[in-house]
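# Architecture at a glance
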Amino acid sequence: MESMEEVMFKAQTLIEALPYIREFSNKKVVVKYGGSAMIDKELQLSVIKDVALLKLVGMQPIIVHGGGKEISKWMGKVGKESEFVEGLRVTDEETMEIAEMVLGKVNKGLVQMVEKLGVKAVGLSGKDGGILKVEKKLANGQDIGYVGNITSVNTELIDTLIANDFIPIIAPVGLDKDYQTYNINADDAACAVATAIGAEKLAFLTDIEGVCTNPEDKNTLISVLTLDEADKLIENGVIGGGMLPKIKNCIDAVNNGVSRVHILDGRKNHCLLLEFFTKRGIGTAILKHEGMLEHES
Ligand SMILES: Nc1ncnc2c1ncn2[C@@H]1O[C@H](COP(=O)(O)OP(=O)(O)O)[C@@H](O)[C@H]1O
Ligand SMILES: CC(=O)N[C@@H](CCC(=O)OP(=O)(O)O)C(=O)O
């Protein structure tokens, strides 16, 4: 049996959420779901429950997912080594086939979870309705195969689904002008979709607390990062590895009108709810300038 104190705490939490629910009512929010937060089934359900709740309280969520670790696992099963250049998977024809199959499986798994919660979802890849059009992307000037750089986003299908109360769940696969299939980094896909549909908010779920001055020490988490500060951290090498393309996408999204961009720890249960509905927020917020901070500390 819950104590009165516990019940009151829950009521307070709900009241704290009120202004955020009002502010984001009918607003499009994009969640990039990938990395380690995808591996654990329990964590998956926690993320999906959060997204379903965002929908049920009146927001218009769109999920863009990855599945890099799952792709690597299945590559291993067929005896293929995964190779990355600048965080991008070197993608030959066979790798493309595996990536598309695995991302399709991940996609339908997420749809299934959302539907089970009684919320409508449709799973798509960037091939459907011409959502993601690409050209070949080079990494460090190097040809790494069927890796796509997004050239345009067709929002027609996404908008139709949202208007009909579905949560669109998008896998990062696209077509070039000759209708050749390409593998797309999921962070790139999330940024492009958020920008094209005019999202109010873009949240990247990843496997670390947020941007840190020392990634080995979670106490060095940076809660708020302005574009100028982000540029400096890139210049002096503080931001590296997989965080580099993520931050570049964050900068792009902010510069292209997505006013709230966040990097959150997807390993933390209900990280989306904490970010969306509490005063403090969690993770790192990337803002054009400090004055735009929406959370009080
Ligand atoms: N300054 C930094 N702050 C946080 N993480 C960083 C930083 N520099 C490098 N990283 C690395 O980036 C990783 C996150 O990127 P990545 O593994 O590609 O995420 P995902 O798989 O979720 O897309 C972290 O686990 C960390 O090792
Ligand atoms: C070109 C490229 O690298 N594509 C990625 C697509 C999946 C992805 O980005 O998944 P995460 O977000 O979980 O890392 C890949 O093949 O791994």
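For clarity, every value in this text was computed on a predicted model and none was experimentally measured.

For the chain, the helix and strand inventory stands at 9 helices and 14 strands. Against the 2.2 N^0.38 benchmark of 19 Å for 297 residues, the chain shows a C-alpha radius of gyration of 19 Å, consistent with a compact globule. In terms of principal-axis extent, the alpha carbons of the chain reach across some 60 × 45 × 35 Å.

Attention now moves to the site of ligand 1. Taken together, 17 residues sit near ligand 1, with G35, T206, G241, G242 and M243 positioned nearest. Classifying every residue of the shell around ligand 1 by side-chain character gives 7 nonpolar, 8 polar and 2 charged.

Under the feature "site: Transition state stabilizer" (unreviewed entry), the UniProt entry names K32 and K246. Despite a sequence span of 215 residues, these residues sit close together in the fold, their greatest C-alpha distance being 10.4 Å. Its location among the elements puts K32 in strand β1 (residues 28-33). We classify K32 as buried; it has 29 C-beta atoms within 10 Å. Summarising the element assignment, K246 is placed in helix α8 (residues 243-255).

Right, let's get into the sheet that holds strand β5 (residues 121-125). The 8 strands are arranged β5-β8-β2-β1-β11-β13-β14-β12 in an open sheet whose pairing can be described as mixed. A single partner strand is all that each edge strand has here, and the edge strands are β5 and β12 (224-226). The mean angle between the axes of side-by-side strands here comes to 20°, regardless of whether they run parallel or antiparallel. Here β1 runs beside strand β11 (residues 201-206); their pairing, made up of 5 bridges, is parallel. Looking across to β11, one finds that Y33 is bridged to L205. Sheet strands touched by helix α4 (residues 93-116): β2 (60-65), β5 and β8 (167-171). Its angle to β5, the strand with the most contacts, is close to 170°. Sitting on the sheet, helix α5 (residues 156-163) touches β2, β5 and β8, and the angle it makes with β8 is about 150°.

It is worth spelling out the site of ligand 2 at this point. Close contacts around ligand 2 come from 15 residues, with G34, G66, G68, R89 and A186 the closest. Broken down by secondary-structure element, the contributors of at least two residues to the shell around ligand 2 are α3 (68-77) and β4 (88-89). In the shell around ligand 2, the residues fall into 7 nonpolar, 7 polar and 1 charged.

Bringing the nonpolar core into the picture now. In terms of nonpolar packing, the biggest core is built from 82 residues, with V30, I63, A189, A190, V193 and L202 touching the most fellow members. The leading source of residues in this core is α4, at 8 residues. Setting aside chain neighbours within four positions, we find V30 in contact with I62, V64, A190, V193, A194, A199 and L202.

Right, let's talk about unusual backbone geometry for a bit. One non-glycine residue, N26, adopts positive backbone phi at about 65°. Despite not being glycine, E86 shows a phi value in the positive range, around 50°. When you line up the elements, E86 lands in the loop between β3 (84-85) and β4.

With that settled, the discussion passes to the UniProt feature "binding site: substrate" (unreviewed entry) in the chain. Summarizing the sequence annotation, UniProt attributes the feature "binding site: substrate" (unreviewed entry) to G67, G68, R89 and N183 in the numbering used throughout. Across 117 residues in sequence, these annotated residues keep their C-alpha atoms within 11.8 Å of one another, forming a single compact spot. Note on placement: G68 falls in helix α3. With 21 C-beta atoms counted inside 10 Å, the residue G68 sits in the buried group. Structurally, N183 can be placed in strand β10 (residues 181-183). Beyond its immediate sequence surroundings of up to four residues, N183 is in contact with R89, T91, M96, A99, Y146, V147, G148 and V173.

Here is what the cut-offs are and how they apply
Residues numbered from 1 in each chain as written. Chains lettered and ligands numbered in written order. Predicted model: local features only at pLDDT ≥ 70, side-chain atom pairs only at ≥ 80, totals over all residues. Helix = DSSP H or I, 4+ residues; strand = E, 2+ residues; numbered from the N terminus. Rg over C-alpha atoms; globule rule 2.2 N^0.38 Å. Near = placed C-beta within 6 Å. Nonpolar A, V, L, I, M, F, W, Y, C, P; charged D, E, K, R; others polar. UniProt positions renumbered as here; feature names shortened; annotations may be inferred. Buried ≥ 20, exposed ≤ 12 C-beta atoms within 10 Å, placed from the backbone. Pairing = 2+ DSSP bridges. Axes fitted to C-alpha atoms, helices over the stretch in contact; angles between N-to-C directions. Contact = placed C-beta atoms within 7 Å. Core = buried A, V, L, I, M, F, W, Y, C linked by C-beta atoms within 7 Å.

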